[in-house]
Each structure stands twice: as structure tokens, then as C-alpha cells.
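Chain by chain, the residues run as shown.
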Amino acid sequence: MRGAGISVPRLDRMPGMFFSTAPKDLKGTDHSLLEDKTQKRRPKTFGMDVKAYLRSMIPHLESGLKPSKSKDILSADDVMQWSQSLEKLLANPAGQDVFGSFLKSEFSEENIEFWLACEDYKKTESENLHCKAERIFKAFVHSDAAKQINIDFRTRESTAKKIKAPTPTCFDEAQKIVYTLMEKDSYPRFLKSNIYLNLLNDLQANSLK
């Protein structure tokens, strides 16, 4: 006498569960073994060139990626520190690359480009200040700038006057406004974005192997 058939729910149709293996291959497979094999199939990020990672995350940005200044190997600890503050994120060359690509995906990359240009400007020799100040102003501050930053009229006019007799601090006021804008607006979204969370998750998973 045959026993009543028992209906077994198909794993590939259970909500919240995703498998790269076809359903027919799951028969008789132990969950722990399946999990282990799935982990092994995860793309390795530890030791990956940051530029290559960004290309894989956001393919359409490839043409806009600049040569990376960041080190080739990141640790999960490095990336976790980025969540402590925008200051820590921007202090890390890899953090600048990843955050810059996130801003590019939101069409607001002018903010970090201006901020980085200001940081570089502060290190400029005095005889080169005027030339570099003019370039930064035309690129980011001028009302007709191709990558115009979002600052108020008073700050724009004040900066225009300062660059006529440039000093290393003539962009400080505008840079502070842009930094605050990134800190309060873009940075919180970045910490919740796939580009950040996937990078962190991959690094944590690979560090346990």
C-alpha cells in the first residue's frame, strides 16, 4: 500500500531565496553544502582593482572612469571606516574613487571633482595660484560653468573677487558649502547604495575564507 504523497515546496520559488544553480540540480543537496558552493561562486572583490570593481558595478560609467590613484587591495575594515564620516571616506583614495562613481551615477560628480580640485589647489606653489584659480573658477564656479556647483549668489560673487588676488584659501567658503551638501545629501544615500553595500559584503565574505 502506497503512502500519501508529500508535497515539498520548490526551493527556487520560496520568497527571498535565490540560487544560481538550476532547480533540478538541487535534488538531494544538503543546505550547508549548497550554501558553501554558493559562497564559492561569489565574485571575488578582495584584492580587486577598484576601477575594475566600479566597472562591474556600473558598466555605463566605464568611459568616464579616470585612472585610479587608489591601492589595488582593500580590506573590509577600510570600507567599514568609510561609514564613520564623510571625512574618513574622502581621506581614502579608494573611497574617493567609489564615492565619485556613485555621484557620477547620480549626475552630481561635479561636487567631489570641485572638492578634490580645491584640495589640490591648496598645495599649489604661489606663482601658479592665479592660473589654477582661474581654471577652477571657470570649470565649477562661474555662472556658465559646464560643471557648475550649487552655491549661493553671494558666495559665487565673493569667490570671483578673491581669485583676482588669489590665496590658497580663496575657495574655502565655496568648498565648505559643497562639502556640507555632500555630507547631508549624497553621503547618506551612498551608505545605503548597492555600490557600497555590495563592496562591503563581498570583502567581508572573502575575508572569512
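Residues numbered from 1 in each chain as written. Predicted model: local features only at pLDDT ≥ 70, side-chain atom pairs only at ≥ 80, totals over all residues. Heavy atoms only, no water.

### Topic: unusual backbone geometry
Part 1 of the argument: One non-glycine residue with positive phi stands out, namely Phe107, at about 60°.
Part 2 of the argument: Note that Phe107 resides in the loop between helix H5 (93–105) and helix H6 (110–121). (Helix = DSSP H or I, 4+ residues; strand = E, 2+ residues; numbered from the N terminus.)

### Remarks on the side chain of Ser186
Part 1 of the argument: Residue position: Ser186 is located in helix H9 (residues 172–191).
Part 2 of the argument: Apart from residues lying up to four places away in sequence, Ser186 is in contact with Phe99, Phe102, Leu103, Glu106, Ser108 and Leu181. (Contact = heavy atoms within 4.5 Å.)

### Points about the environment of Ala139
Part 1 of the argument: Following the sequence through the fold, Ala139 ends up in helix H7 (residues 129–141).
Part 2 of the argument: What makes Ala139 partly exposed here is its relative accessible area of 30%.
Part 3 of the argument: Spatially, the C-alpha atoms of Ala139 and Glu110 are 9.3 Å apart, while their sequence positions differ by 29 residues. (Buried < 20%, exposed > 50% of the residue type's maximum accessible area, 1.4 Å probe, protein only.)

### A look at the packing of aromatic side chains
Part 1 of the argument: Applying the stated rule across the entire model yields nine aromatic pairs.
Part 2 of the argument: Taken together, the aromatic side chains of Trp82, Phe99, Phe102, Phe190 and Tyr196 make up a single cluster linked through ring pairs. (Phe/Tyr/Trp six-rings, centres within 6.5 Å; stacked < 30°, edge-to-face > 60°.)

### Points about helix H8 (residues 153–162)
Part 1 of the argument: Within the span of H8, buried status applies to Thr155, Arg156, Ser158 and Thr159. Taken end-on, H8 shows its buried residues confined to a sector of 165°, consistent with a single buried face. Projecting away from the buried face of H8 at angles above 90 degrees are the exposed residues Phe153, Arg154 and Lys161.
Part 2 of the argument: On its buried face, H8 sits against H7 and H9.
Part 3 of the argument: Capping of H8 at its N-terminal end is provided by Asp152; its side-chain oxygen lies 3.2 Å from the backbone amide nitrogen of Arg154. (Arc of directions from axis to C-beta. Polar contact = N/O pair within 3.5 Å; in protein donor to acceptor, adjacent residues only side chain to side chain.)

### Digging into the nonpolar core
Part 1 of the argument: Counting residues in hydrophobic clusters, the biggest one holds 40 residues, and the most contacted among them are Trp82, Phe99, Phe114, Phe171, Met182 and Phe190.
Part 2 of the argument: When near neighbours in sequence (up to four residues on either side) are disregarded, Phe171 contacts Phe114, Cys118, Tyr121, Ala133, Ile136, Phe137, Val141, Thr159 and Ile163. (Core = buried A, V, L, I, M, F, W, Y, C linked by side-chain atoms within 4.5 Å.)

### Some remarks on the pattern of salt bridges
Part 1 of the argument: Evaluation of the coordinates by the stated rule reveals nine salt bridges.
Part 2 of the argument: Here Lys147 ties to Glu113 by a salt bridge, and the two come within 2.7 Å at their closest N and O atoms. In this pair, Lys147 is assigned in the loop between H7 and H8 and Glu113 in helix H6, connecting sequence segments 34 residues apart.
Part 3 of the argument: By relative accessible area, Lys147 is classed as partly exposed at 34%.
Part 4 of the argument: Judged by its relative accessible area of 19%, Glu113 is buried.
Part 5 of the argument: Salt-bridge contacts for Arg154 lead to Glu173; the nearest nitrogen and oxygen are separated by 2.3 Å. Taken as a pair, Arg154 in helix H8 and Glu173 in helix H9 lie far apart in primary sequence, 19 residues in all.
Part 6 of the argument: With a relative accessible area of 23%, Glu173 lands in the partly exposed category.
Part 7 of the argument: Salt bridges here are not isolated pairs; linked through shared partners, they connect Glu106, Asp185 and Arg189. (Salt bridge = Lys/Arg side-chain N within 4 Å of Asp/Glu carboxyl O.)

### Observations concerning the confidence of the model for the protein
Part 1 of the argument: Considering every residue of the protein, the mean pLDDT works out to 78; 65% of them sit at 70 or more.
Part 2 of the argument: Below pLDDT 50 for its whole length, residues 59–71 participates in 22 contacts with residues either more than four positions away or in separate chains. (pLDDT = per-residue confidence, 0-100.)

### Digging into H6
Part 1 of the argument: Its twelve residues give H6 an end-to-end C-alpha distance of 16 Å, which sits within 8% of 16 Å, the value for a rise of 1.5 Å per residue.
Part 2 of the argument: Residues Glu110, Asn111, Ile112, Glu113, Phe114, Trp115, Ala117, Cys118 and Tyr121 constitute the buried set of H6. (Expected span 1.5 Å × (residues − 1).)

### Section: the packing of H5 against H9
Part 1 of the argument: Remark: H5 packs on H9, axes separated minimally by 10 Å, with the N-to-C direction vectors making an angle of 95°. By the criterion of interaxial angle, the relationship of H5 to H9 is roughly perpendicular. Touching Val98, Phe99, Phe102 and Leu103 of H5 are Met182, Ser186, Tyr187, Arg189 and Phe190, all from H9.
Part 2 of the argument: Considered class by class, the residues forming the contact of H5 with H9 number seven nonpolar, one polar and one charged. (Axes fitted to C-alpha atoms, helices over the stretch in contact; angles between N-to-C directions. Parallel < 35°, antiparallel > 145°, perpendicular 65-115°, else oblique. Nonpolar A, V, L, I, M, F, W, Y, C, P; charged D, E, K, R; others polar.)

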